[in-house]
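# Fold and geometry: a report
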Amino acid sequence: MKIVLLDAKTLANNPLTPIELLGELTSYPITDGAQVVTRCIDADIIITNKVVINAETLSALPKLKLICVAATGTNNIDLVAAKAHGVAVCNVAGYSTPAVVQHTFTLLGNLMGNMHRYLNDSSNGLWQKSDMFCRLDHSINEIAHKNFVIIGYGTLGQAVATVARAFGANVIIAERPNETSVRAGRVAFLDAVQSADIISIHCPLNEQTKDLFNAHIFKQLKPSAVLLNTARGGIVNEQALVDALKQKVIAAAGFDVLTVEPAQNTNPLLNYTGDNLLLTPHNAWAAQESINRLIKCITENITAFHRGDNINRIV
Ligand SMILES: NC(=O)C1=CN([C@@H]2O[C@H](COP(=O)(O)OP(=O)(O)OC[C@H]3O[C@@H](n4cnc5c(N)ncnc54)[C@H](O)[C@@H]3O)[C@@H](O)[C@H]2O)C=CC1
Ligand SMILES: O=C(O)C(=O)CO
């Protein structure tokens, strides 16, 4: 069984021994789109974290049987084309939940407490200039009693909701946008976001969620709203977000993801200089514990596929 790992660097140089034991593993640190076909021409299995596998690539790889995505999100794979070519696709579900929850609340805690502004002020020597014991230059707000809206109530959405409830927030689960019927326990998308003090996005990027948060939706939000996106770039229109942050249409945002990654110099969020945006480089998932679980789960997925079992199968 020939296995090609296209972006081993995303596994942070961790030992791949369990995967090596499964077959003949060829591992590349990084692969660009133009190299995929040459590198995978003999592969039975491709492992990719973020390398794009599109329809054209799939039609050039007749031997390919399985794409094992080394991540939860599968938006880098043309799933329709994979199905048409009879190529199975699996992902890794739930491996990074504790890390993403921790990251989400780290972003949120910083924004609600204006921690980043206070840290900056302390570094710049403002505390020594104070005539009282503390500094109160920036507002500090609690998560407790805030309307905390979850977009995408799967593994991460549910785990974030649990912690939000522990903080005393009023958790509201948004129904999918454009749904005419609202499931029990959920609130229609527009009603949910209009009532939100905090919105945390945990849905996949797909045709329904692309540009879900756009200029029109930003206008519906409270001016005090805080938007968190640890899911995928592309769910939020980046120019619309910058306009909303600049014009104080919303209060603040904490993002771990961009529409194009790695980040490009032209990205509107990178060029935004306001301090009501916190941006991390898509590493919410990347705790060492997550990486250990990721490698274990990739191994289990491939073993199961070999046995004919469908675990974590998307296609
Ligand atoms: N920043 C990071 O490091 C990480 C980001 N992610 C992202 O988070 C996403 C969610 O991960 P999980 O919760 O583990 O996945 P999941 O599959 O357990 O949950 C996704 C949820 O979104 C819902 N959903 C699907 N389409 C929707 C739509 N149009 N509108 C609203 N909800 C919709 C699904 O029904 C499901 O409940 C992944 O797809 C991935 O893009 C995941 C792990 C790490
Ligand atoms: O698991 C995911 O979907 C991530 O974005 C991290 O690679």
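The residue numbering used here restarts from 1 in each chain and proceeds along that chain's sequence as written. Whichever chain is written first is A, and whichever ligand is written first is 1; the rest continue in order. Residues qualify for local features only when their pLDDT is at least 70, as the model is predicted, and side-chain atom pairs are given and counted only at 80 or more; totals for whole chains, interfaces and linings, by contrast, use all residues. As a rule here, side-chain values cover all heavy atoms of the structure and leave hydrogens and water aside.

## What to know about the environment of Q247
Here Q247 lies in the loop between α10 (238-246) and β11 (252-255). Measuring from C-alpha to C-alpha, the distance between Q247 and E56 comes to 42 Å, with 191 residues separating the pair along the chain. To qualify as a helix, a DSSP run of H or I must reach at least 4 residues; to qualify as a strand, a run of E must reach at least 2; elements of each kind are numbered from the N terminus.

## Observations regarding the domain arrangement of the protein
As used throughout, domain bounds are those supplied by an automatic or database domain assignment. When cut into domains, the protein gives domain 1 (2-95 + 288-307) and domain 2 (97-279). Centre-to-centre separation of domain 1 and domain 2, based on C-alpha positions: 31 Å. Contacts are residue-level and defined by heavy atoms, with any inter-residue pair within 4.5 Å sufficient. Facing the seven residues of domain 1 at the interface are six residues of domain 2. Buried surface area refers to the total accessible area, computed with a probe of radius 1.4 Å, that the two partners give up upon joining, counted for both partners together. Approximately 490 Å² of surface area, both sides summed, lies buried where domain 1 meets domain 2, with 45% of it carried by carbon and sulfur atoms. Of all residues in domain 1, K50, N75 and G94 bury the most surface against domain 2, accounting for 64% of the area lost on that side. We count a salt bridge whenever a side-chain nitrogen from Lys or Arg sits within 4 Å of a carboxyl oxygen from Asp or Glu. On inspection of domain 1 and its partner domain 2, the count reaches zero salt bridges. Counting of polar contacts relies on pairs of N or O atoms within 3.5 Å, with two restrictions inside protein: one atom must be capable of donating a hydrogen and the other of accepting it, and residues adjacent in sequence are counted only when both atoms are side-chain atoms. Where domain 1 packs against domain 2, one counts two residue pairs in polar contact (both at pLDDT 80 or more). When grouped by side-chain class, the residues that make up the side of domain 1 that touches domain 2 number one nonpolar, four polar and two charged. Charged means Asp, Glu, Lys or Arg here, nonpolar means Ala, Val, Leu, Ile, Met, Phe, Trp, Tyr, Cys or Pro, and polar covers whatever is left, Gly included.

## Regarding the site of ligand 2
All residues adjacent to ligand 2 are N49, K50, A71, T72, G73, Y95, R232, H282 and W285. A distance of 2.7 Å separates an oxygen atom of ligand 2 from a polar side-chain atom of K50. Classifying every residue of the shell around ligand 2 gives three nonpolar, four polar and two charged. The cutoff for a nearby residue is simple: one of its non-hydrogen atoms must lie within 4 Å of the molecule or strand.

## Re the sheet that holds strand β6 (residues 147-151)
Hydrogen bonds between backbone atoms are what pair the strands of a sheet, whose relative direction is either parallel or antiparallel. In this analysis, strands are considered paired if DSSP registers two or more bridges between them. Read across the open sheet, the seven strands follow the order β8-β7-β6-β9-β10-β11-β12; overall the sheet is parallel. A strand with exactly one partner marks an edge of an open sheet, and here the two such strands are β8 (186-187) and β12 (277-279). In the sheet, β6 pairs with strand β7 (residues 170-174) via four bridges, with the strands oriented parallel. In the strand pairing of β7, V149 is matched with I172. Angular values range over 0 to 180 degrees, each being the angle between N-to-C directions of two axes fitted as lines to C-alpha atoms, with helices fitted over their stretch in contact. In the packing of helix α5 (residues 97-112) onto the sheet, the strands contacted are β6, β9 (198-201), β10 (226-229), β11 and β12, and the crossing angle to β10 comes to about 155°. Contacts from helix α7 (residues 155-166) reach β6, β7 and β9, with the element oriented near 170° to β6.

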